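Single-letter residue listing:
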Amino acid sequence: MTKLNSTDSETLGVLINNLGTPDSYRVDDVKKFLKEFLWDPRVVKISRPVWWFVLNIIILNTRPKKSAAAYKKVWTEHGSPLLSMSKKQTGLIRQTLHKTYRNTLANTRVELGMRYGNPSIEEGLSNLRDAGATRFLIVPLYPQFSYTTTASVEDEVIKILQKWEWQKRQKCRGPNFKIIRHYFDNPDYIEALAKSVTTYRNQNGRAEKLLMSFHGIPQKYADDGDPYASECRQTAHLLAQSLNLKPDQWQLSFQSRLGYKKWLTPYTNHILHNLGKQGIQSIQVICPGFSADCLETLAEIAMENRDVFLEAGGKEYSYIPCLNDSEDHIKMLSDQIIQYIK
């Protein structure tokens, strides 16, 4: 593991990061968010002139209204569920680091910055810089690495740091930031996932099958070398092993397909439809690739895919929440951070 080099006098800035969310479920705010997200060349790898036309003339005139309706279903009194939970996670990580490692982390600051939307990565880094930080540890809450997520975060951090004049003066000291690229096979992460499944089953009973649904990416990205699919499969196998599941007691799938080209398979909605048709009566779904509940888990999995399974003949469908702000999750993330900066 690469350590973040530092001296005792330096202030270290820890930036907690996740994908992001619209400022509200209003169509205009959703459109603004989607425009920023879908224009990222790491996310959509199509010729920019062609994609500009498709995005601005077609997608942004049709999709925002549909997405806004979905966001409205999951919006809470605290606003976006992803942003609300990300703020909680950041606060708890800050509290845990300062309480548990106060002797070694006296000069450490922790802030939140989303890849898209607010608070932005630039806002988070600026807050850390204003607090005196000269070196940074970036912590994307993506357990599995993908060029569409973690690498995009790294791109944005580099772009921002290059704009800062003092960064140019410190080039001789080496890189000013490190990034936690993934933790898909971290034993504490797997244990936290397994504990969440076991706890849920102890309280709600055990279904016939456990479906592990991960966010998808285009198949071509995987063919071109993105390791995401492989890391998802390794996480799934490790979780199944930890739970002592037999091969017929669990399955892996990929969700959130966009467009008509082939994405990673099997697709979550297809699997749920087929399982219902095959006579599976009960299923529980977990999303190990999401560190916090969001639109894709609360609307797509907990609502839309529930209907798919029940309409296909299934009887009992339940969604196991993300690790969110659970004690095991916060401790695992905090321990991982300290390994980089101690």
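Computed from a predicted model, the values in this text were never measured in an experiment.

Each value, and the rule that gives it
Residues numbered from 1 in each chain as written. Predicted model: local features only at pLDDT ≥ 70, side-chain atom pairs only at ≥ 80, totals over all residues. Heavy atoms only, no water. Helix = DSSP H or I, 4+ residues; strand = E, 2+ residues; numbered from the N terminus. Contact = heavy atoms within 4.5 Å. Polar contact = N/O pair within 3.5 Å; in protein donor to acceptor, adjacent residues only side chain to side chain. Salt bridge = Lys/Arg side-chain N within 4 Å of Asp/Glu carboxyl O. Buried < 20%, exposed > 50% of the residue type's maximum accessible area, 1.4 Å probe, protein only. Pairing = 2+ DSSP bridges. Axes fitted to C-alpha atoms, helices over the stretch in contact; angles between N-to-C directions. Arc of directions from axis to C-beta. Expected span 1.5 Å × (residues − 1). Patch = residues over 30% accessible without salt bridge, like charges linked within 9 Å, V, L, I, M, F, W, Y side chains within 5 Å. Areas by Shrake-Rupley, 256 points an atom, 1.4 Å probe, with all protein chains shown as cover.

**A word on the environment of Tyr267**
And step 1. Examined against the element boundaries, Tyr267 turns out to sit in the loop between strand E8 (250–255) and helix H11 (268–277).
And step 2. Residues in contact with Tyr267, not counting those within four places in the same chain, are Ser253, Phe254, Arg257, Lys261 and Lys262.
And step 3. A polar side-chain atom of Tyr267 sits 3.1 Å from the main-chain amide nitrogen of Trp263.

**Observations regarding the pattern of salt bridges**
And step 1. Per the counting criterion, the structure on display carries 11 salt bridges.
And step 2. Between Asp28 and Arg26 there is a salt bridge, with the nearest N and O atoms lying 3.7 Å from each other.
And step 3. The exposure class of Asp28 is exposed, given its relative accessible area of 53%.
And step 4. What emerges from the salt-bridge pattern is a single network uniting Asp40, Arg115, Glu156 and Lys159.

**Points about the sheet that holds strand E1 (residues 11–17)**
Strand pairing in a sheet is mediated by backbone hydrogen bonds. Such pairs are either parallel or antiparallel.
And step 1. Strand order in the open sheet formed by four strands is E3-E1-E5-E6, and the pairing between neighbours is parallel. Edge positions in the sheet fall to strand E3 (108–112) and strand E6 (177–179), since each has one partner strand and no second. When the angles between neighbouring strand axes are averaged without regard to direction, this sheet yields 20°.
And step 2. Of the pairings in the sheet, the one linking E1 to E3 comprises five bridges and is parallel in character. Within the sheet, the bridge partner assigned to Leu15 lies in E3 and is Glu111.

**Quick notes on H11**
And step 1. Taken as a whole, H11 has its buried residues at Thr268, Ile271, Leu272, Leu275 and Gly276. Down the axis of H11, the buried side of the element spans an arc of 130°, and every buried residue falls inside it.
And step 2. The inward-facing, buried residues of H11 abut strand E7 (209–215), E8, strand E9 (282–286), helix H12 (295–311) and strand E10 (316–320).
And step 3. Just downstream of H11 lies Gly279, where phi reads positive at about 100°.

**Describing helix H4 (residues 81–100)**
And step 1. Between the first and last C-alpha of H4 there are 28 Å, a value that for 20 residues agrees with the 28 Å anticipated at 1.5 Å per step.
And step 2. Among the residues making up H4, those that are buried are Pro81, Leu82, Leu83, Ser84, Met85, Ser86, Gln89, Thr90, Ile93 and Leu97.
And step 3. Next to the buried residues of H4 lie E1, strand E2 (20–21), helix H3 (63–74), E3, H12 and helix H13 (327–341).
And step 4. Of the residues flanking the start of H4, the one acting as N-cap is Ser80, its side-chain oxygen 3.3 Å from the backbone nitrogen of Leu82.

**Some words on a nonpolar patch on the surface**
And step 1. On the surface, Trp39, Trp52, Phe53, Ile57 and Ile58 cluster together into a nonpolar patch covering about 500 Å² of accessible area.
And step 2. Top element by residues in the nonpolar patch is helix H2 (residues 48–58). It accounts for four residues.

**Digging into unusual backbone geometry**
Excluding glycine, residues mostly have negative phi values, and the peptide bonds linking residues are mostly trans.
And step 1. Cis geometry marks the peptide bond from Asn118 to Pro119; its omega dihedral reads -10°.
And step 2. Residues Thr265 and Pro266 are joined by a peptide bond in cis, for which omega reads 0°.
And step 3. Within the element layout of this structure, Pro266 appears in the loop between E8 and H11.
And step 4. Non-glycine residue Ser256 carries a positive phi angle of around 65°.
And step 5. Residue position: Ser256 is located in the loop between E8 and H11.
And step 6. Given a relative accessible area of 15%, Ser256 falls into the buried group.
And step 7. Of note, the phi angle at Asn324 is positive, near 50°, even though the residue is not glycine.
And step 8. Here Asn324 lies in the loop between E10 and H13.

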